[in-house]
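# Examining the three-dimensional arrangement
If you want the building blocks of each chain, they are given just below.
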Amino acid sequence: MNSRIENQKNPGIRRSRVGAAAGGLVRGLFLLLVLSLVVFFLARACPGDPLRSWYGDGVDRLSAAQKEAMRRNLGLDRSLWVQYGLWLRNLFQGNLGISLKYKRPVTAVLGSVAGNTAILGLLAYVMTFLPAFRIGSSCALKEGSRKDRRLSRIAVVTGNIPSFFLGLLLILFFTVKIRLFPSGGAYSYGMAHSLPDRIWHLVLPCAVLVLEHVGYYGLMVRNLLVEETRKDYVLLHKSQGIPREKILRRYCMKNILPGMIPAMTMAVPHILGGTYVVEMVFGYPGLGTLAFESALYKDFNVLMAVTLLTGALVIFCNMLGEVLSAAIDPRMRDDAAEFREVDYE
Amino acid sequence: MNKKKNRLGPGVRLSIILLAVVGIASLLAPLLAPYGPNEMGPAINQAPSADHLFGTDSMGRDLLSRILYGGRASLCIGLMAAAISTGIAMVYGSLSGMSRRWVDRGLMGFADLMLSVPQILIVVFLQAIFGKSGYLSLALSIGVTGWMAMARIIRNEVRRIRETDYVTAARMMGGSFGYILRKHLLPGFLPAVLYAAVSSIGAAMMTEATLSFMGLGLPVAEVSWGGLLSDSRNALLSDSWWIILIPGIVLIGTLIAIAALGEQVRKGNTRLHSNL
């Protein structure tokens, strides 16, 4: 009888986790390709001479024949699709054009600041979710108490404060009123490699990001845990004499992970976007400042590159999230369609 | 009958009053504002006084008037952007929900892709491309990048509604897509999407404020709350707290009021479906 049920399952679905991961990778690369298409065609809609944006100001000094040769080189006389192909080929060769503002190759401009953004973003992400889990579980433990209600209300308020305003307030207080923290930059002049100096510069931007998001995710953890404590197994453990804190931390936390992992995956673009804004407010040299400045100066090569890099990072994190989801919860796997929403086809 | 459970809590009533005040004040800005929004007077960097209720900024402009006129821009753009993104989400989500599995998967995949890039980045990209800014172009930029989450909610609801008898009957009798959308799908998914729609107003206002703060939003001559906060960056050094705090509190208050309203909408909808 069992074999009959086995045979009814779709034999074409792959069961192996490696297979699922590989499928995810292919999907991710395809998404990246589509993103590059969108970015390319969007950028082509922009006004301005593409020759200038590729070769810089030297274009003015060229003769007409040289300009023609360059046009043919860039494929500007060919169809848009051919141009896309050429641009893609350049991309794979690491040539992203020249930054109009900085007069340097885009890859160099990006490379010099990407690390700064990575540090700030990663720090913000970790510092958001660790306290979120802690405070959320603490509130769920004391559900309905004054502390719980007060913290929930504070969470709603802090989530609605624009990050740039919070940044301004913190600068006003911590830099102008009491000279405790620097108002901007990633490091003091000449101290690029000094760790304590870096940390000193990271405190305020990171604080803004954490305050912005910890409320939202802490509230989410708290609500998920509250629902979890309504389940029967919690009553069972309580009747067995296991202390409340241990039930919450050991059993309930694990069970809310399937709900939290999609949220943590969605948090990546949110926190990244927030990082970009905060960078601009604090003058922190990162991808965000680069993106906003290149928008102000119409430096499209840099803008395209930052968009692609950001998209690639987020798509990568999405794939990671999918792999994690499938690993911890069999219901999320590819071959588990029968556990998920009913298929109406 | 116990009317108590239908009465709105104090927080919600306060929010509605606040929003009404802000809305009406912004609407009547030309009548209420004591000075013009860009009118520069002799009093520079003055703290709130009888003459200027909210004080003046570094160029002698009255802050109260600027907040009133700025409210018009911020509220207008927020509402327009929310309307645009809700409209796109409705059509996109319904199309995706009503179509075949592979079309649905493709459409939702594209939506997921758009979700991958932080919204602020795409808006900045669009703003850089379509140079000149006005209320509409800014609202378009924000609206066109914020429909994805709502579209997903709508698509899930539509997939549920599509199997009901009345929709099947409508399709059999030759009802067009627009007809089914208007008569059957819309009333079906509206409760689910209302909370997201209200939240998107707040999110759009925050995005507009951020853009104006960066100098990528409205042109300098137009005043909006984000632009006011951008000017306040100079106030950091002149220790004029009112230039920073007052516009900020107005903006935050409005956003929290909208969020509270959204929460009330969600609670209201949940109560409707309760079986008790």
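The residue numbers shown here count from 1 along each chain, following its written sequence. All chains are assigned letters beginning at A, and all ligands numbers beginning at 1, according to the order in which they are written. For a predicted model such as this one, the threshold for reporting local features is a pLDDT of at least 70, and the threshold for listing and counting side-chain atom pairs is 80 or more; totals across whole chains, interfaces and linings nevertheless cover every residue. Just so you know, side-chain values use all the structure's heavy atoms and leave hydrogens and water out.

### Side note on the overall build of chain B
The helix and strand labels rest on DSSP assignments: H or I over at least four residues marks a helix, E over at least two residues marks a strand, and numbering proceeds from the N terminus. The number of helices and strands found in chain B is 11 helices and zero strands. For chain B, the succession of helices and strands along the chain, N to C, is α-α-α-α-α-α-α-α-α-α-α. Oriented by its inertia axes, the alpha-carbon framework of chain B measures out at about 75 × 55 × 30 Å. The rule is simple: take the accessible area with a 1.4 Å probe, protein chains only, and divide by the maximum for that residue type; under 20% is buried, over 50% is exposed, in between is partly exposed. Across the 276 residues of chain B, 49% fall into the buried class. Whether two residues are in contact is decided by their heavy atoms, any of which lying within 4.5 Å being enough. Pairs at least 24 residues apart make up 70% of the contacts formed inside chain B by residues separated by at least 6 positions.

### Structural notes on the UniProt feature "transmembrane region" (unreviewed entry) in chain A
Residues and elements named next belong to chain A. This chain's UniProt record puts "transmembrane region" (unreviewed entry) on residues 21–43, 109–133, 154–178, 198–221, 256–282 and 302–324. Structurally, residues 198–221 comprises 100% helix and 0% strand, and the distance from its first C-alpha atom to its last is 31 Å. Structurally, residues 302–324 is divided into 100% helix and 0% strand, and its ends, taken at the C-alpha atoms, are 33 Å apart. UniProt positions are given in the numbering used here, feature names are shortened, and annotations may be inferred rather than shown by experiment.

### Details of the nonpolar core
Buried together is how nonpolar side chains tend to be arranged in soluble globular proteins. Take the buried Ala, Val, Leu, Ile, Met, Phe, Trp, Tyr and Cys residues and link them wherever side-chain atoms come within 4.5 Å; each set so joined is a nonpolar core. One finds Phe292(A) and Val306(A) to be the most contacted residues of the largest nonpolar core, which totals 149 residues. Looking at which domains feed residues into this core, each of domain 1 (1–101 + 330–345) and domain 2 (113–296) of chain A supplies at least three. If near-sequence neighbours (up to four positions away) are discounted, Val306(A) is found in contact with Leu110(A), Tyr276(A), Leu287(A), Leu290(A), Ala291(A) and Leu121(B). Boundaries of every domain are those given by an automatic assignment or by a domain database.

### Brief notes about a nonpolar patch on the surface
All names here are of chain B. Every patch collects residues that have over 30% relative accessible area and no salt bridge, joining them within 9 Å if they carry like charges and within 5 Å if they are nonpolar side chains (Val, Leu, Ile, Met, Phe, Trp, Tyr). A 1.4 Å probe and the Shrake-Rupley method give the accessible areas. Residues count as covered only by the protein chains that appear here. Counted as salt bridges are all cases of a side-chain nitrogen of Lys or Arg within 4 Å of a carboxyl oxygen of Asp or Glu. A cluster of nonpolar side chains, contributed by Ile24, Leu27, Leu28, Leu31 and Leu32, occupies part of the molecular surface with about 540 Å² of accessible area. Taken together, the elements giving at least two residues each to the nonpolar patch come down to helix 1 (10–27) and helix 2 (29–32). Of note, Leu28 is situated in the loop between helix 1 and helix 2.

### A word on the interface of chain B and chain A
Taken together, the contact pairs 44 residues of chain B with 51 residues of chain A. Note on terms: buried area is the combined drop in 1.4 Å-probe accessible area of two parts once they are placed together, counting the loss on both. Overall, the association of chain B and chain A removes approximately 4000 Å² of surface from exposure, summing both partners, and the carbon and sulfur fraction of that is 79%. Broken down residue by residue, the surface that chain B buries against chain A is led by Phe125(B), Met214(B) and Leu236(B), which jointly contribute 16%. Taken together, chain B and chain A are joined by zero salt bridges.

### Remarks on the confidence of the model for chain B
Residues and elements named next belong to chain B. The share of residues in chain B with pLDDT of 70 or more is 94%, and the mean pLDDT across the chain is 84. A score between 0 and 100, pLDDT records how confident the predictor is in each residue. No element of chain B has a lower mean pLDDT than helix 2, which averages 80, and none a higher one than helix 3 (residues 63–98), which averages 91. Confidence drops under a pLDDT of 50 for residues 272–276, and excluding neighbours within four residues, the segment shows zero contacts in the predicted structure. Confidence estimates for the predicted assembly give a pTM of 0.83 and an ipTM of 0.83.

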